[in-house]
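One letter stands for each residue in the lines below.
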Amino acid sequence: MGKKIYVGNLAYSTNDSIIRSLFEPYGTVVSVNVIADRYTGSSKGFAFVEMDSDASAGKAIAALDGTDVEGRKIKVNEAIDKPARRGNDRY
């Protein structure tokens, strides 16, 4: 089972291939998803990376948290699953 990682404080120009190349030295990258605004298509400045194992995810988090990528000091930590939405929770 893979481990999902949150990557924050990204430059808006950072894309999937840049993120993938950062994480590949630490293990197999299953997926990379830079989150984009649904209306403009512009990056929102964060991404999710899924690694093949807990061990490789741990190595990547330890090595990459606080490093400089495209002039920004990135935040890298374990992703927290968003709680499931229930029915009509608008209020």
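The text that follows walks through the structure, step by step, so that each part is easy to find. Quick caveat, the model's predicted, so the values are computed rather than measured.

1. A few points about the sheet that holds strand β3 (residues 43-51)
1) Next: With respect to topology, four strands assemble into an open sheet ordered β2-β3-β1-β6, the strand pairing being antiparallel. Of all the strands in the sheet, just β2 (29-36) and β6 (75-78) have a single pairing partner and so form its edges. Ignoring strand direction, the axes of neighbouring strands in this sheet form an average angle of 20°.
2) Next: Pairing of strand β1 (residues 3-8) with β3, which is carried by five bridges, proceeds in the antiparallel orientation. Paired with Tyr 6 across the strands is Phe 48, a residue of β3.
3) Next: Those strands touched by helix α1 (residues 16-23) are β1, β2, β3 and β6, and its axis lies near 140° from that of β2.

2. Considering helix α2 (residues 54-64)
The α-helix advances 3.6 residues per turn, and as a result positions three or four apart in sequence lie on the same side.
1) Next: Listed as buried for α2 are Ser 56, Ala 57, Ala 60 and Leu 64. Across the axial projection of α2, the buried residues extend over an arc of 100°, all falling on one side. Along α2, exposed side chains directed more than 90 degrees from the buried face belong to Ala 55, Lys 59 and Ala 62.
2) Next: The inward-facing, buried residues of α2 contact β1, α1, β3 and β6.
3) Next: Phi for Gly 66, located one or two positions after α2, is positive at around 85°.

3. Some details on the environment of Ile 74
1) Next: Here Ile 74 shows up in the loop between β5 (72-73) and β6.
2) Next: Ile 74 gets classed as buried once you look at its relative accessible area, which sits at 2%.
3) Next: Separated by 29 residues in the primary sequence, Ile 74 and Gly 45 place their C-alpha atoms 9.8 Å from one another.
4) Next: Among all residues touching Ile 74, those that are not within four sequence positions of it are Val 7, Gly 8, Asn 9, Leu 10, Leu 64, Asp 65, Gly 66, Thr 67 and Val 69.

Conventions and cut-offs
- Going along each chain's sequence as written, the residues are numbered from 1 onward.
- In keeping with the predicted nature of the model, local features appear solely for residues at pLDDT of at least 70, side-chain atom pairs appear and are counted solely at 80 or more, and the whole-chain, interface and lining totals rest on all residues.
- With hydrogens and water stripped out, all remaining heavy atoms of the structure feed into the side-chain values.
- Here, any two strands with at least 2 DSSP bridges between them count as paired.
- Helix and strand definitions follow DSSP, with helices as H or I runs of at least four residues and strands as E runs of at least two, each counted in order from the N terminus.
- Every angle, taken between N-to-C directions, lies between 0 and 180 degrees, and every axis is a line fitted to C-alpha atoms, over only the stretch in contact when it is a helix.
- Contacts are residue-level and defined by heavy atoms, with any inter-residue pair within 4.5 Å sufficient.
- Partly exposed describes any residue whose relative accessible area lies between the buried limit of under 20% and the exposed limit of over 50%, with all areas from a 1.4 Å probe on protein chains only and scaled to the type maximum.
- This arc is taken over the directions from the axis of the helix to the C-beta atoms.

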